[in-house]
Structure formats: C-alpha cells, structure tokens
Amino acid sequence: MDKKVMVDLLYQMLLIRRFEEKAAEMYAQGKIGGFLHLGVGMEASCVGAISVLRPDDYVIAGYREHGHCLVRGSDPRLAMAELFGRMDGLSKGKGGSMHFFDKERNFLGGTGIVGGQLPIGTGVGFAINYRGGDQVCLCFFGDGSVAQGVFHESLNMAALWKLPVLYICENNLYAMGTALSRTQSVTDIYKKAEAYGMPGEQVDGMDVLAVREAVTRAVERARREKIPTLIETRTYRFRGHSMRDPAAALYRTREEVEEWKKSDPIVQLWDRMSRDGTVSDAEYKEMDKEISQVMEEAVRFAEASPEPPLEELLTDVHV
Amino acid sequence: MAIITYREALNQALREEMRRDPRVFLIGEEVGVYQGAYKVSQNLLEEFGPKRVVDTPISEAGFVGVGIGAAMVGLRPVVEMMTFNFAIVALDQIVNHAAKILYMSGGQFRVPMVIRGPGGPAVQLAAQHSQGMESYFYHVPGLKVVRPSTPRDAKGLLKSAIRDDNPVIFIESETLYGTKGEVPDDEYTIPLGVAEVKREGTDVTVIGWMGMLHRALEVAQDLEKEGISVEVVDPRTLRPMDTSTILESVKKTHHAVVLEAGAGFAGLGAEIATLITEGAFDYLDSPVVRVTGANAPMPYAKNLERAKVPDKARIIAGIKQALAV
Ligand SMILES: Cc1ncc(C[n+]2csc(CCOP(=O)(O)OP(=O)(O)O)c2C)c(N)n1
Ligand SMILES: [Mg+2]
C-alpha cells in the first residue's frame, strides 16, 4: 500500500487517541461536563472507513463520534471548544460531546439516542438517489442499536429502494454494561444483512487496513450499483462506557481488557510500518509530538473562546 | 424516622412491593447485572433473581410493549426507563396502547403497569438528555403522571403507583437521587392525586415540583426575612391533579405563582393557571404568574443552561410581580 496513505492512517488514529486522552484530562479538571464517551481503542474502525470517502460523501454517527468527526477533517480546536461549551465550538457550544455536527464536511451528527441515526442516514441515501448523485453515506452505530426497531426498518428500506448507504456497526461487544450475548439472539451482527437481502461482512475492527479494504469494496458497490452493505467492525473500547463508568468493572474482567489491548490498532499499524521500514522511530516520535502540539493548541483555543452570548439560548430554535 | 436518600427510598418501595406481590417484576436496560444506570435497583437481582429483574436489549418500544402485554394478562410490570428521554422511542406503545386499551376495550382490559425512571433537567447533558418530560404524558387521557420531589413521597407514591390498576408514568430525577429526607419506618403509602402543602404561608401560593419545588422552598426561606410569607404547594401527582388543595391555598393567599422547569409554552403552568382562574378568580388579587423554562431545547454550554431553567432570582421576581412589591 501507498506509504502516504499508511502514514495518514497512523496519523489519524493517533490524532483521535490524543484528542480523547486530552478530553479525559479536561473532563477530570472540570473543563468539560455532561456525558463524555471516548473511542479509545476503536480508532481503526472510523479511520479505516472514513478515509475511503470523497469530500462530498456523508457521515453520520452516534454519541461516541469525536473520532468520526476528526477523520472527516474537522478542526480539533473547534471540536475541543465544543466540549468546553464555547462559542467557537463546532455547534457554538450548544451541543457538547454527543452532538458534533460539521456541515462543511458533510458530518451530520452526533445523536445521543441509541439508533436515532439509522433512519436518518437512510434518508441521506434516499436524497443522494433523488438528486441523481453518486455519493455514499456512512452510517455508524454501536452494537446496542441493533436491538432498536429502526435498525431493521432502515435496512429494509435501504435494500428495497437501493440506497447508497453503508451501515457500519462498531461492535465493541458491550452496550454500556451489557454484553452482546445478553441482548442479541444472533451475535454475529453482519448476518442480519441476509434477512434484508443486502451484503453483510464482518471485519477485524482493530485492523485499520482490513476495515479500509472492506469499506472500499462496499463503497464501490454503493456508488456504482446502489447496493447498501452492513459491515460489522469487531472492536473494543479500552475505557469505560463514559467518564462516569471509569472502572467498567461490573461487566468485564481486567484480563479481557488487557487481552484486547494487545491488539491496539495504533500499535498494530505502527509495528507493521516499522517492520516494513515505512516509518522510523524518529518519524513516529515526531508525529506524536506534532499531534501533542495540536492538542495543546486546541485546549488553548477552547480556553480562549468566549461562552456563547445569552441570546444564543433562543436562536436556532426555529430558522 | 430514618433519613435516607431518594434513591434508597425508591429501592425500598420496589423491594417491598416485589416481596408483597409475586406478580410485580422489574424490567429495563441495565436494571440487573449493572444494578441500574442510577443504582435505583441495587441488589434487587440478588434478592429476586433474573426472572423478576429482567435486563433488556436497547429496545424501548419493544420492552414497554412487553410490559403492556404482560399487564393485560395479569402481571404488574415496573418498566424502568434508563432516562425518560428514551421513553420517546416508546411513545407509541405508551400513548396509543397503554393509555387507551382500557377505553378501547370497553373496560375489559386493564394495564396495571408503572413506567419509571429519571427525567427533567440534568447537568450539562444537552438537548436530548435533559428536558422536562412530563408534558409528553400528562396530556394523554388514560395515563397517570407522578412527580415525586422528596424521598418520603418517592417511596409512598411508588408503592401506590405499583398497586394502581392504570398505567402510571412515574418520573424521578437524576439531580434528586442523592438528596436525603425523612422516611417513616413503618410501611406506608401516599395516594396518587393528592397534593401536599410543603410549607405554609399567608401571602402567596407558589406551586412547583421536583427541582423547582426545592428552589421555591429556598426562596420562601429567603423571602421570610423580607417579611413575605410564601406557601409552597407540591402537586406530587400531575394527573390526576389535586386542584382542591391548590385552590384552597390560593383562596387563602390571594396570589399565585406557578413554576415549571420545562418550556413554558403550552406547559402545565398554563393549565394550573387556568384551573386557578376558573376556580378562584374572585379570590385573586393579581393575575397568576408563570415562571417557566425558556422555549428552547436544553443547551450544553453552562451559561446558557443556567439561563434556560428558572433560578432563584427569577422565582423571586415572579413572586414580587404577583405581590406587586
Ligand atoms: C434510545 C436510547 N436508549 C438508551 C440510551 C442510554 N444509552 C446510552 S449509550 C447506551 C449503550 C449503547 O451501546 P452501543 O450501541 O453498543 O454503543 P457503544 O456505547 O458501545 O459505542 C445506552 C443504553 C440512549 N442513549 N438512547
Ligand atoms: Mg457497544
């Protein structure tokens, strides 16, 4: 694979990792409030998938969406300012962590309602066909969403109407404190595609290259033949469900977490690239340093940004 | 009397009712192994086992419907909403099914179930997770709606709700779970549809529930120093509403202020103001004042969030407006 692409994938994953770590730090300092769900450990899924897209494609996701938004190209400074609830944030500080939106980058949120994004992503696919375009929509959701009616309603409509939508289930094996096997009669999510007559594929969600490859194929199918696909990325969150579930001890063992950490998507790719000689130690360190500076700058920017003026309470309620 | 938290009070009510009646079971997201997202169901799985403490997939429409079906054929489900925001996903089951089955069946089928969980403004949870939820339900004939503001009320009202033969929407509060209060040692229930005067006063009646009630009680204390005597009425059950307690109070004080945390437009404040106008117009010395949340979704930013929900200053201003002082 092209060295430049690999380096970029590594960069994107590391950027997300450092963003999330910085966010956790800022939450601990009380700079960020509310619910904060981090995607540490899950970077390969959004990076592998979204890196395939053209700028005019669309992305929609849930509340663990910082990474998706950043890979899409959103400015980490605006993202951090959003977490701080400041006027220069992506959504003027009105949305917070669960509601990142970036219209310029066709990033459509940012929903806190499990499954809420599924029919909406489907509607984006509908609009693409309606306008006669060849874009695609990537719709990301967790394994928990699969239990919602809208998951099934959406897949049926997409297959029936031939909508260019990729349904990407980021299966990290838990929905909050509930293991997948306790909530799904069939735990291989990708198999549910068959019932709706669309292709389904399971992929190692800790391997960014594997995700990228599967999504590349599915995107081509969607662009050229208007065939939707259900992709299940098997992944894992290294941290708790949110900052309010720090230990995540009630429902999974430390051994399990340690085992998954061995397949850290960033370490995996980095190992591979250093073995191939694609990136030297020094280059990697340089990259990490540069990213750390980006994060420092993001925090400085967020701190300096003003609170939204009080008029903002009543603006954007109606157009 | 023991002093316990609101959370413990609810836990006791559930435990006592489950011990008393084997038809009562608890079902919802994370109620078992995880011990409840807000720990209201702590240790219930241990005592009652997975048959009666049922963890569900994230399928709100689905498991509310399961509750309705089970209730129609003789069980008494308590359905936990992790938060009431997610009950919107199940609104069809609640509004078009649970609420109407008794009526549509000409009285043949009862739906004795409780749907409970936290709702209302929380802290920096933004638009989808922080909103006054009662208004989605109290408009619907067939539902009862309870808003318990203290540990004592929470326990006594939940026990009554579980014993009630109607679908009861029982909305707790994230911000009250940790608050403490006196709860009787002996078994007790508090009937649905009965308000309580939480503080007696003579100059003005303030009506509020949950966070607004607690703010009103603080304000009442502050205003006492200024020589204003505030009576605070807690409806406790929003539907059916105990209008006589409210009217009695207004007839005594001649002034009324209604508090509402949620958006004011077409809110319950409007209904209560109308009830007072219809029932005690001749006793009023000034128009009923409403102090309500802004007509906007809940913002995430701290400063906007503070401006969204009435604070003490706005409540005081509302009272002074009513009293023209
Ligand atoms: C409709 C709805 N029900 C419940 C919740 C509470 N909740 C938030 S996240 C979550 C778990 C979702 O798990 P999953 O879809 O697997 O995504 P993950 O958090 O693992 O990324 C739950 C139950 C919610 N936000 N929305
Ligand atoms: Mg999950």
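Residues numbered from 1 in each chain as written. Chains lettered and ligands numbered in written order. Predicted model: local features only at pLDDT ≥ 70, side-chain atom pairs only at ≥ 80, totals over all residues. Heavy atoms only, no water.

Draft legend 1. Focus on the interface of chain B and chain A. Taken residue by residue, the interface counts 34 residues in chain B and 40 residues in chain A. When the two sides are added together, the surface that chain B and chain A hide from each other amounts to roughly 2,900 Å², 63% of it contributed by carbon and sulfur. For chain B, the biggest contributors to the area lost against chain A are Y34(B), I58(B) and Y300(B); these three give 24% of the whole. The interface formed by chain B and chain A holds 13 residue pairs in polar contact (both at pLDDT 80 or more) in total. Elements represented by at least two residues in the side of chain B that touches chain A include exactly α6 (126–129) and α11 (302–308) of chain B. (Contact = heavy atoms within 4.5 Å. Buried area = accessible area lost by both parts, 1.4 Å probe. Polar contact = N/O pair within 3.5 Å; in protein donor to acceptor, adjacent residues only side chain to side chain. Helix = DSSP H or I, 4+ residues; strand = E, 2+ residues; numbered from the N terminus.)

Draft legend 2. Layout of the coordination of the magnesium ion (ligand 2). Residue and element names in this part refer to chain A. In the first shell of the magnesium ion (ligand 2), the protein supplies D143 (OD), N172 (OD1) and Y174 (O), at 2.0 to 2.1 Å from the metal. Donor residues for the magnesium ion (ligand 2) sit on one chain with the sequence pattern D-x28-N-x1-Y. With D143 in the loop between β3 (137–142) and α6 (149–160) and Y174 in strand β5 (residues 174–175), the pair connects residues that are 31 residues apart, well separated along the chain. (Donors = N, O, S within 2.8 Å, 3.2 Å for Na, K, Ca; no water.)

Draft legend 3. Seen up close, the site of ligand 1. Near ligand 1 lie 22 residues; those nearest to it are Y63(A), R64(A), G112(A), N172(A) and E60(B). Ligand 1 sits at the junction of chains A and B, each of which supplies nearby residues. Contact between ligand 1 and G144(A): an oxygen atom at 2.9 Å from a main-chain N or O atom of the residue. Note that an oxygen atom of ligand 1 is positioned 3.5 Å from one of the backbone N or O atoms of S145(A). Notes on ligand 1: free accessible area 580 Å², of which the protein chains cover 96%. Among the residues forming the shell around ligand 1, the class breakdown is 10 nonpolar, eight polar and four charged. (Near = heavy atom within 4 Å. Areas by Shrake-Rupley, 256 points an atom, 1.4 Å probe, with all protein chains shown as cover. Nonpolar A, V, L, I, M, F, W, Y, C, P; charged D, E, K, R; others polar.)

Draft legend 4. Fine view of the side chain of E43(A). Residues and elements named next belong to chain A. Mapping E43 onto the fold places it in helix α2 (residues 43–50). Under the relative-accessibility criterion, E43 is labelled buried at 0%. Here G41 takes part through its backbone nitrogen, which lies 3.0 Å from a polar atom of the side chain of E43. (Buried < 20%, exposed > 50% of the residue type's maximum accessible area, 1.4 Å probe, protein only.)

Draft legend 5. Molecular detail of the sheet that holds strand β5 (residues 114–118) of chain B. Residue and element names in this part refer to chain B. Pairing within the open sheet is mixed, and its seven strands lie in the order β3-β2-β4-β5-β7-β6-β12. The open sheet terminates on both sides in strands that have one partner only, identified here as β3 (53–55) and β12 (237–239). Strand-to-strand twist of the sheet, defined as the mean angle between neighbouring strand axes without regard to direction, takes the value 20 degrees. Sheet contacts for helix α2 (residues 44–52): β2 (24–28) and β3; angle to β3, the most-contacted strand, approximately 70 degrees. (Pairing = 2+ DSSP bridges. Axes fitted to C-alpha atoms, helices over the stretch in contact; angles between N-to-C directions.)

Draft legend 6. Region of the structure containing the pattern of salt bridges. All names here are of chain B. Under the defined criterion, the tally for this structure stands at 55 salt bridges over all chains. A salt bridge links R163 to E17; the shortest N-O distance between them is 2.8 Å. With R163 in helix α7 (residues 151–163) and E17 in helix α1 (residues 6–20), this residue pair connects regions lying 146 residues apart in the sequence. Residue class for E17 comes out buried when judged on its relative accessible area of 0%. Among the salt bridges present, the one from E80 reaches R116, with a minimum N-O distance of 2.8 Å. Of this pair, E80 sits in strand β4 (residues 76–80) while R116 is found in strand β5, placing the two residues 36 residues apart along the sequence. Comparing E80 with R116, the two get one shared label, buried. (Salt bridge = Lys/Arg side-chain N within 4 Å of Asp/Glu carboxyl O.)

Draft legend 7. Highlighting the domain arrangement of chain B. All names here are of chain B. Along its sequence, chain B is organised into domain 1 (2–183) and domain 2 (196–323). Between domain 1 and domain 2, the C-alpha centre-to-centre distance is 26 Å. Contact residues are listed per partner, giving 29 residues for domain 1 and 25 residues for domain 2. For the pair domain 1 and domain 2, the summed buried area comes to about 2,000 Å², and 57% of that belongs to carbon and sulfur atoms. Considering only the surface of domain 1 that becomes buried against domain 2, Q124, Y138 and R147 emerge as the three largest contributors, covering 33% of it. Connecting domain 1 to domain 2 are three salt bridges. A salt bridge links E196 to R152; the nearest nitrogen and oxygen atoms lie 3.8 Å apart. Put simply, domain 1 and domain 2 have 14 residue pairs in polar contact (both at pLDDT 80 or more) between them. Among the elements of the structure, α6, β6 (144–146), α7 and β7 (168–172) are those that each provide at least two residues to the side of domain 1 that touches domain 2. A per-class count over the side of domain 1 that touches domain 2 returns 17 nonpolar, six polar and six charged. (Domains from an automatic or database assignment.)

Draft legend 8. Broad picture of unusual backbone geometry. Between G109(A) and the following residue, G110(A), the backbone shows a cis peptide bond with an omega angle of 0 degrees. Here the residue pair R239(B) and P240(B) is connected by a cis peptide bond, since its omega of -5 degrees sits within 30 degrees of zero. Looking at the element boundaries, P240(B) is found in the loop between β12 and α9 (243–253). Unusually for a residue other than glycine, K39(B) sits at a positive phi of about 65 degrees. When you line up the elements, K39(B) lands in the loop between β2 and α2. In this structure, Q124(B) takes a positive phi of about 55 degrees despite not being glycine.

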